Amino acid sequence: MSEAIQMKRVSRFTGTEEEDFGSRSAHVKTENFSVFYGAFEAVKKVTCEFPEGLVTAMIGPSGCGKSTLLRAINRMNDLIPSCRPSGKMIFQGEDIYCKNIDAVSLRMRVGMVFQKPNVFPKSIYDNIAYGPRLQGIKSRSQLDDLVESSLKQAAIWDEVKDRLSTNALGMSGGQQQRLCLARALAVKPEILLMDEPTSALDPKATTKIEDLIGQLRGQYTIIIVTHNMQQAARVSDLTAFMYEGTLVEFGATRQIFTKPRERQTEDYITGRFG
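So, here's what we can say about the structure. (Residues numbered from 1 in each chain as written. Predicted model: local features only at pLDDT ≥ 70, side-chain atom pairs only at ≥ 80, totals over all residues. Heavy atoms only, no water.)

## What to know about the packing of aromatic side chains
Then, number 1: On inspection of all chains with the given rule, the structure shows four aromatic pairs.
Then, number 2: Ring plane angle 25 degrees and centroid distance 5.0 Å describe the contact between Phe241 and Tyr268, whose orientation is recorded as stacked. Taken together, the residues Phe241 in strand S9 (residues 238-243) and Tyr268 in helix H10 (residues 263-269) connect sequence positions 27 residues apart. Neither residue differs from the other here; Phe241 and Tyr268 are each classed as buried.
Then, number 3: Here the basic side chain of Arg84 rests over the ring of Phe36, its NZ or CZ set 4.3 Å away from the ring centre.
Then, number 4: One Lys or Arg, Arg140, reaches over the ring of Tyr125 and ends 4.3 Å from the middle of that ring. (Phe/Tyr/Trp six-rings, centres within 6.5 Å; stacked < 30°, edge-to-face > 60°. Helix = DSSP H or I, 4+ residues; strand = E, 2+ residues; numbered from the N terminus. Buried < 20%, exposed > 50% of the residue type's maximum accessible area, 1.4 Å probe, protein only. Lys NZ or Arg CZ within 6 Å of the ring centre and 35° of its normal.)

And the structure:
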């Protein structure tokens, strides 16, 4: 872990001094990890660690490989026929691309919220209960508790508690995105991936999602891809800057935004390119 990640700072969520980031164990890490689309290397030999319980933002211009790297963490890229990984992606001591790793089980432990809300054309209740049911939970009382607790975690319970049987497609865009977050949380993941989760939302809905990230910090390891550098500065503990598939710089967010080590990072942060 670099010196940048070992610095202390005041948490923007609690107002208290954070522990050394370097003292956090890596929840997931990559070793010379690449992703190819056919012959094209979209992610190039990335080596990094995502510490447990912290929020890491991935920034960089469009097409730099950040979303591809994010999706690799729960093997969503498996769904693309031409896509193949190289190197290691290690989660809980195991390379998730080993043949004995079940991708469906992995995705229960590594949840994901996508750029656009992708609610199921089912009731609000059934959207949340879908994952737990796949895990084998059939008890109505247990499902009721999971639905309520997940919606409360996503700060949407009070808005929907009286209409759980209504179709989720009738919700606003911001509500749908929080419902997707609740659905991801319902299966009790360890890691939460967020791919541009507020890009399709208005400022008010965006603020609610950002507030939720702050509330979930510490309970989950959160990795968020964002084009919004102000958002990265607001919500994250750590920031990774990628350019043309390469990880240029990875460090504490405050250091990245105030004193970047790489000229390329500084040029991007200050708007000289992007």
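## Here's the deal with the nonpolar core
Then, number 1: Formed by 47 residues in total, the largest nonpolar core has its most connected members in Leu151, Leu179, Leu181, Leu192, Met194, Ile213 and Ile222.
Then, number 2: The biggest single contributor to this core is helix H6 (residues 173-185), with six residues.
Then, number 3: Ignoring any residue separated from it by four or fewer positions in sequence, one finds Leu181 in contact with Val113, Ala154, Leu192, Met194, Leu212 and Leu216.
Then, number 4: Val43, Phe91, Ile101 and Phe250 belong to the second-largest nonpolar core, a separate cluster that totals 32 residues. (Core = buried A, V, L, I, M, F, W, Y, C linked by side-chain atoms within 4.5 Å. Contact = heavy atoms within 4.5 Å.)

## Some words on the sheet that holds strand S5 (residues 94-95)
Then, number 1: In spatial order, the strands read S2-S1-S4-S5; together these four strands make up an open sheet with antiparallel pairing. Since the sheet does not close on itself, it has two edges, and those belong to strand S2 (40-51) and S5, each with one partner.
Then, number 2: Here strand S1 (residues 26-37) runs beside strand S4 (residues 83-91); their pairing, made up of eight bridges, is antiparallel. Within S4, the position partnered with Thr30 by the bridge is Met89. (Pairing = 2+ DSSP bridges.)

## Overview of the pattern of salt bridges
If the charged atoms of two oppositely charged side chains come close together, the side chains can form a pair.
Then, number 1: Enumeration according to the criterion identifies 13 salt bridges in this entry.
Then, number 2: The salt bridge involving Lys45 is made with Glu41; its shortest N-O contact spans 3.8 Å.
Then, number 3: With relative accessibility at 56%, the residue Lys45 sits in the exposed group.
Then, number 4: Between Arg109 and Glu190 there is a salt bridge whose closest N-O contact spans 2.9 Å. Placement of Arg109 in helix H2 (residues 103-109) and of Glu190 in the loop between H6 and strand S7 (191-195) is noted, with a sequence separation of 81 residues between them.
Then, number 5: Several salt bridges converge on common partners, so that one network encompasses Glu159, Arg178 and Lys208. (Salt bridge = Lys/Arg side-chain N within 4 Å of Asp/Glu carboxyl O.)

## A few points about the sheet that holds strand S3 (residues 55-59)
Then, number 1: Taken together, six strands build an open sheet; the order of strands is S6-S7-S8-S3-S9-S10 and the sheet is mixed. A strand with exactly one partner marks an edge of an open sheet, and here the two such strands are strand S6 (110-113) and strand S10 (246-252). Mean inter-strand twist for the sheet, computed between neighbouring axes without regard to direction, equals 15 degrees.
Then, number 2: Bridge count between S3 and S9: four bridges; the pairing is parallel. Of the residues in S9, the one forming a bridge with Thr56 is Leu238. (Axes fitted to C-alpha atoms, helices over the stretch in contact; angles between N-to-C directions.)

## So, the layout of surface pockets
Then, number 1: The space that makes up the largest pocket amounts to roughly 500 Å³.
Then, number 2: Lining the largest pocket are 19 residues, and of these Arg107, Met112, Phe114, Phe120 and Arg183 lie nearest its centre.
Then, number 3: Elements with a contribution of two residues or more to the lining of the largest pocket: H2, S6, helix H3 (124-134) and H6.
Then, number 4: Per element, the largest residue contribution to the lining of the largest pocket is four residues, and it comes from S6.
Then, number 5: Tallied by class, the residues present in the lining of the largest pocket amount to 13 nonpolar, four polar and two charged.
Then, number 6: Counted as a void, the second largest pocket has a volume near 180 Å³.
Then, number 7: Lining the second largest pocket we find 14 residues, and of these Ser67, Arg71, Gln115, Asp195 and Glu196 sit closest to its centre.
Then, number 8: Counting residues per element, the lining of the second largest pocket draws most heavily on helix H1 (residues 66-72), which supplies three residues. (1 Å grid on protein atoms, 1.4 Å probe; cavity = no way out; pocket = protein on both sides within 12 Å on 5 of 7 lines; lining within 4 Å. Points joined across faces, edges and corners; volume = space filled by probe spheres on them. Nonpolar A, V, L, I, M, F, W, Y, C, P; charged D, E, K, R; others polar.)

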